[in-house]
Amino acid sequence: LDGVAKTPEMQQKYLLTIKTRAEDIDRMVSQMFTFSQLELDEYPTHPQPLRLDDEIRKFSDCYGKEYSARGLDIEADLTGTEITADPEQLRGILTNIADNSLKYKNKARGKLRISVQNTGGRILLIMADDGPGAKEEDLSRLFDPFYRSDPARHGPSRGSGFGLAIVAKAIQRMGGSVKAANSCGGGLEITAVLPGKALNEG
């Protein structure tokens, strides 16, 4: 409109920029709305018994190729476990973690490893990537809304700052807890502790 884009190529470039920014803002508003619903305990949930390992396999089957095409490989190390959760909310947790690993990877191909372990009546859902990790003093604040430790990560294109806050709220509603740590091999490790049981499949 200002006459800056004087050629069809420049017009296309500006239109793509506008489209990208509009999509970023749309995602941010959507995540803010989801977080506010979780915060007010108004988010609709339909908990049911779920095979956690099966749900993670479904997630990997449905979205693994898409993430791989964008430079993030998802691996899984699973054991038979059952939890009570809303399947849509569980997919939201996995998606937010995978999106976070994708956004902040610092190499051409990143890796996210999702594993499930049983610890006697409690299930550990461990999601560890091989990205840059976080400063030790920032780990306890990663689940705060809007919080991003690296100033370079600010701005809609680097996320809303709500992804991990939504993860924490969703896990709390499932009766669990979550924490972040730097993994031994580098990268960020998110561990959710959930009520559930191991399944004897022998």
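Before going into details, it helps to say that this report is about the structure given with it. Just so you know, these numbers come straight off a predicted model, no measurement behind them. (Residues numbered from 1 in each chain as written. Predicted model: local features only at pLDDT ≥ 70, side-chain atom pairs only at ≥ 80, totals over all residues. Heavy atoms only, no water.)

### Some details on empty space enclosed by the protein
Inspection of every chain in the model, using the stated rule, returns one cavity of 30 Å³ or more. What the largest cavity holds in volume is close to 50 Å³. As for the largest cavity, its lining consists of I97, N100, S101, L112, M127, A128, D129, L164, L188 and I190. The set of elements that each furnish at least two residues to the lining of the largest cavity consists of α3 (87-104), β5 (122-129) and β7 (188-198). Here the residues of the lining of the largest cavity are counted per class, giving seven nonpolar, two polar and one charged. (1 Å grid on protein atoms, 1.4 Å probe; cavity = no way out; pocket = protein on both sides within 12 Å on 5 of 7 lines; lining within 4 Å. Points joined across faces, edges and corners; volume = space filled by probe spheres on them. Helix = DSSP H or I, 4+ residues; strand = E, 2+ residues; numbered from the N terminus. Nonpolar A, V, L, I, M, F, W, Y, C, P; charged D, E, K, R; others polar.)

### Let's talk about helix α2 (residues 52-69)
With 18 residues, α2 should reach 26 Å at 1.5 Å per residue; the first-to-last C-alpha distance of 25 Å fits that figure. If you look at α2, its biggest bend is around 55 degrees, right at Y63. Turning to α2, the residues buried within the fold contact β1 (48-51), β2 (72-77), β3 (81-85), α3, β4 (110-118) and β5. Two residues or fewer after α2 comes G71, characterised by a positive phi angle close to 105 degrees. (Expected span 1.5 Å × (residues − 1). Bend = angle between axes of the 7 residues up to and from the residue. Contact = heavy atoms within 4.5 Å.)

### Comments concerning the pattern of salt bridges
Think of it this way: side chains of opposite charge can pair up when their charged atoms draw near. Per the stated rule, a full pass over the model turns up eleven salt bridges. Residue D53 is joined to R57 by a salt bridge in which the shortest nitrogen-to-oxygen separation is 3.2 Å. With D53 and R57 both in helix α2, this residue pair falls four residues apart, about one helical turn. The exposure class of D53 is buried, given its relative accessible area of 1%. Linking R113 and E75 is a salt bridge whose minimum nitrogen-to-oxygen distance equals 3.2 Å. In this pair, R113 is assigned in strand β4 and E75 in strand β2, connecting sequence segments 38 residues apart. (Salt bridge = Lys/Arg side-chain N within 4 Å of Asp/Glu carboxyl O. Buried < 20%, exposed > 50% of the residue type's maximum accessible area, 1.4 Å probe, protein only.)

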